[in-house]
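Each chain, letter by letter, is given below.
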Amino acid sequence: MKRALALLGAVLAVGCGPVEFKIGEKEGVPTAKGTVDIPLGTFTCGQPIQADKYTITTRVITGGCELTFNETVSLLTAEDYKKIPAFDSAGTTALVKRVELEVRKLAFSDAVSMMALDPATQVLDASLSVNGQFVVDKSKLASLPTTVTLAGDALKPVKDAIDGRKPVSILVQALVSIPNMPTPPAKLRVAYEVQPTIVIGTGGSGTGGSGGSAGTGGTAGTGGTAGTGGTAGTGGTAGAGGTAGAGGTAGAGG
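No experiment lies behind these values; they were computed from the predicted model shown.

Cut-offs applied
- Residues numbered from 1 in each chain as written.
- Predicted model: local features only at pLDDT ≥ 70, side-chain atom pairs only at ≥ 80, totals over all residues.
- Heavy atoms only, no water.
- Pairing = 2+ DSSP bridges.
- Helix = DSSP H or I, 4+ residues; strand = E, 2+ residues; numbered from the N terminus.
- Axes fitted to C-alpha atoms, helices over the stretch in contact; angles between N-to-C directions.
- Contact = heavy atoms within 4.5 Å.
- Phe/Tyr/Trp six-rings, centres within 6.5 Å; stacked < 30°, edge-to-face > 60°.
- Buried < 20%, exposed > 50% of the residue type's maximum accessible area, 1.4 Å probe, protein only.

### What about the pairing of strand β6 (residues 95-110)?
Part 1 of the argument: Relative to strand β11 (residues 187-202), β6 runs antiparallel, the two being bridged by 14 bridges. From the neighbouring strand, V99 faces β11, where its bridge partner is I198.
Part 2 of the argument: Examined bridge by bridge, β6 and strand β9 (residues 146-150) share 5 bridges and lie antiparallel to one another. From the neighbouring strand, V103 faces β9, where its bridge partner is T146.

### Brief notes about the sheet that holds strand β3 (residues 49-51)
Part 1 of the argument: Spatially, the 6 strands line up as an open sheet ordered β3-β4-β5-β10-β7-β8, and their pairing is antiparallel. Both edges of this open sheet fall to β3 and β8 (133-137), since each of them pairs with a single strand only. Adjacent strand axes in the sheet meet at a mean angle of 25 degrees, parallel and antiparallel pairs treated alike.
Part 2 of the argument: Sheet analysis places strand β7 (residues 125-130) next to β8, joined by 4 bridges and oriented antiparallel. Bridging across to β8, S129 finds its partner in F134.
Part 3 of the argument: Of the strands in this sheet, β5 (64-76), β7, β8 and β10 (168-179) touch helix α4 (residues 152-163), which is tilted by about 155 degrees from β10.

### Describing the packing of aromatic side chains
Part 1 of the argument: In total, this model carries 2 aromatic pairs according to the counting rule given.
Part 2 of the argument: Note on Y54 and F69: the rings are 5.0 Å apart at their centroids and 65 degrees apart in plane angle, and the pair reads as edge-to-face. Taken as a pair, Y54 in strand β4 (residues 54-61) and F69 in strand β5 lie far apart in primary sequence, 15 residues in all. Both residues of the pair, Y54 and F69, belong to the buried class.
Part 3 of the argument: Here the aromatic rings of Y81 and F87 are separated by 4.9 Å at their centres, their planes lie at 65 degrees, and the arrangement is edge-to-face. Like Y81, the residue F87 is buried in the burial classification.

Printed below as a string of structure tokens:
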């Protein structure tokens, strides 16, 4: 009965404008999270560190050492499309509108004493990125959680996979730069947590390419802006109903 009412509501809403379905943690989208303890007692900055399943890349920077690790996290499996009712309710014509990321945690601590590192004196820099897009940096650590929207090249592989109802993963990269002094902890713990929410629907705006903005129903090329119903070529701007060639500008209906 509840499902029938939800479907009826979606059908009725079509006449009022675009329909959107938010698919997040409650619907079964897993939280991307990880914790790694990095041994620093005898390491040489510039050499990789092996910590459990992670390979930590290190780089010498002025006054300290930069540590980076990557993790590929499954976002949706083939079975998830069958198990999550919202995908069935939305239908196969519902495409990805956006992906929202709630960054809940990016924390650094002494893995032995369990004391948090002082961001002012023990952390030179820090960041978390998803598919190459920075989602939080050191300045935001004290104000988490925060929500950002995946965009551009970071969004494209996720959108393409979900639009085709295929399995999809995201690449998470955590970075922290620690000073030479005060002496770093013998074992550094890095922990992150990000909750994706996928928004799918029908109608609405088109897709913006790199640096471009898509108007209603349009597709913006690199650096271009698509007007209503138009398609902007590289560096061009499409007017209403028009199509701009590379470097050109299409007028209304042109």
